[in-house]
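Notes for the structure review
Here's the letter readout for the chains.
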Amino acid sequence: DAKTTQPTSMDCAEGRAANLPCNHSTISGNEYVYWYRQIHSQGPQYIIHGLKNNETNEMASLIITEDRKSSTLILPHATLRDTAVYYCIVRGMNRDDKIIFGKGTRLHILP
Amino acid sequence: GAVVSQHPSRVICKSGTSVKIECRSLDFQATTMFWYRQFPKQSLMLMATSNEGSKATYEQGVEKDKFLINHASLTLSTLTVTSAHPEDSSFYICSAPDGHSNQPQHFGDGTRLSIL
C-alpha cells in the first residue's frame with residue numbers, strides 16, 4: 001500500500017502558486033519523498049525529491065516539515081500545462097526499490 | 001537525458017490475441033524494470049518487477065501465466081498479454097531505474113491496449 005495521503009483534487013488559478021500537500025506520517029529515516037506528475041495519457045514525469053531539507057529546481061519547490069511527516073510541493077507560477085495528477089511517493093534510495101503509487105491529487109489550473 | 005521507450009504506443013486487437021509490449025532503456029542499462037497497469041481514472045498499479053537474467057517477480061493477484069515478462073537484455077524488457085480479453089484493455093507503463101541519475105526511475109510513455 002502507498003504510504004502517503006493526498007487530497008483527491010485541487011484547483012488553482014493560472015499564474016498563482018499551486019501548493020499540493022502530502023502526508024507521510026509513517027516515513028522511515030532512510031526514505032525520501034518523491035513527486036511525480038502524470039498528464040493525461042502519458043507516463044509519469046519526475047518533478048523533485050528530498051530527504052529532509054527543502055529543495056528547489058526549475059520545476060518546483062519541495063518543503064518538508066521538520067518531523068518529516070508531511071510535505072508540500074509548490075509550483076510557483078502555475079500554467080494550464082500544469083494540469084495533471086500529482087503523486088507524492090515515499091521510497092528508499094536503493095536503485096531497484098519499487099515505486100508504489102497512491103491515488104494522487106488531480107490539479108486543475110483554471111484560466 | 002535518459003529515456004525509456006515503449007512500443008507500440010497503441011494497439012487494438014481481437015479477443016484471444018496475444019500482444020507483446022516492448023520497453024527499452026535508450027542510453028543506460030537496466031537490470032531491473034517495472035511494469036504497471038492503469039485503468040481509467042485510477043492510479044498506476046504495479047504488476048511485476050522484470051529482472052535481467054532471471055524470472056520476473058509478480059505482485060499479489062497478478063497472473064504470471066497471463067502476463068509473461070521477459071528481460072532479454074540489459075536494455076529490453078517485454079510484457080506479453082496472452083490470450084487477451086476485453087477486461088485486459090488498459091494503459092500499460094514500464095519504468096527503469098537509472099543508477100547514474102538522481103531520478104529514481106524513468107517512465108515510458110505507456111501503451112494503450114484495447115481488446116475488442
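Computed from a prediction, not measured in an experiment: that's the story for all the values here.

1. Some words on the overall build of chain A
- On a plain count of helices and strands, chain A comes out with zero helices and nine strands.
- If you list the helices and strands of chain A from N to C, you get β-β-β-β-β-β-β-β-β.
- Its C-alpha atoms give chain A a radius of gyration of 13 Å, near enough to 13 Å, the size a compact globule of 111 residues would have.
- Taken over the C-alpha atoms alone, chain A extends approximately 40 × 30 × 25 Å along its principal axes.
- Counting over 111 residues, chain A shows a buried share of 45%.
- Within chain A, contacts between residues separated by at least 24 positions form 56% of all contacts whose residues are at least 6 apart in sequence.

2. Brief notes about the packing of aromatic side chains
- This structure, assessed with the given rule, holds nine aromatic pairs over all chains.
- Here Tyr87(A) and Phe101(A) contribute two aromatic rings whose centre-to-centre distance is 5.1 Å and whose plane-to-plane angle is 85°, an arrangement assigned as edge-to-face. Of the two residues, Tyr87(A) is situated in strand 8 (residues 84-91) and Phe101(A) in the loop between strand 8 and strand 9 (105-110); the sequence distance between them amounts to 14 residues.
- According to the relative accessible area criterion, Tyr87(A) is buried, its value standing at 2%.
- With a centroid separation of 6.3 Å and an interplanar angle of 45°, the aromatic rings of Phe67(B) and Tyr92(B) are classed as tilted. Residue Phe67(B) is found in strand 7 (residues 67-73), and its partner Tyr92(B) is found in strand 9 (residues 90-96); the two are separated by 25 residues along the sequence. For the pair formed by Phe67(B) and Tyr92(B), the shared burial category is buried.

3. Comments concerning the interface of chain B and chain A
- With 26 residues of chain B in contact, the opposing surface of chain A contributes 21 residues.
- Across the chain B to chain A interface the summed buried area is about 1800 Å²; carbon plus sulfur atoms make up 53%.
- Counting the surface chain B buries against chain A, the share from its top three residues, Ser43(B), Pro104(B) and Phe107(B), is 27%.
- Where chain B touches chain A, the interface holds one salt bridge.
- Note that Glu59(B) is salt-bridged to Lys98(A), the shortest N-O span being 2.8 Å.
- The dominant element in the side of chain B that touches chain A, judged by the number of residues it contributes, is strand 4 (residues 32-38) of chain B, at four residues.

4. Comments concerning the state of the cysteines
- Tallied over the full model, the rule gives two disulfides over all chains.
- Here Cys22(A) engages in a disulfide with Cys88(A); their sulfurs sit 2.1 Å apart. Measuring the twist about the S-S bond at about -85°, one finds the Cys22(A)-Cys88(A) disulfide to be left-handed. Of this pair, Cys22(A) sits in strand 2 (residues 18-23) while Cys88(A) is found in strand 8, placing the two residues 66 residues apart along the sequence.
- Using a relative accessible area of 1% as the deciding quantity, one classes Cys22(A) as buried.
- At a sulfur-sulfur separation of 2.0 Å, the disulfide partner of Cys23(B) is Cys94(B). Classification of the bridge connecting Cys23(B) and Cys94(B) rests on its S-S torsion, roughly 85°, and on that basis the disulfide is right-handed. Of this pair, Cys23(B) sits in strand 3 (residues 19-25) while Cys94(B) is found in strand 9, placing the two residues 71 residues apart along the sequence.
- You can call Cys94(B) buried: its relative accessible area is 0%.
- The closest cysteine sulfur to the non-disulfide-bonded Cys12(A) is located on Cys22(A), 18 Å from its own sulfur.
- Lacking any disulfide linkage, Cys13(B) is separated from the closest cysteine sulfur, that of Cys94(B), by 18 Å.
- A relative accessible area of 12% places Cys13(B) in the buried class.

Cut-off values and rules
- Residues numbered from 1 in each chain as written.
- Chains lettered and ligands numbered in written order.
- Predicted model: local features only at pLDDT ≥ 70, side-chain atom pairs only at ≥ 80, totals over all residues.
- Heavy atoms only, no water.
- Helix = DSSP H or I, 4+ residues; strand = E, 2+ residues; numbered from the N terminus.
- Rg over C-alpha atoms; globule rule 2.2 N^0.38 Å.
- Buried < 20%, exposed > 50% of the residue type's maximum accessible area, 1.4 Å probe, protein only.
- Contact = heavy atoms within 4.5 Å.
- Phe/Tyr/Trp six-rings, centres within 6.5 Å; stacked < 30°, edge-to-face > 60°.
- Buried area = accessible area lost by both parts, 1.4 Å probe.
- Salt bridge = Lys/Arg side-chain N within 4 Å of Asp/Glu carboxyl O.
- Disulfide = S-S within 2.5 Å.

The values reported here are purely geometric and, on their own, carry no functional implication.
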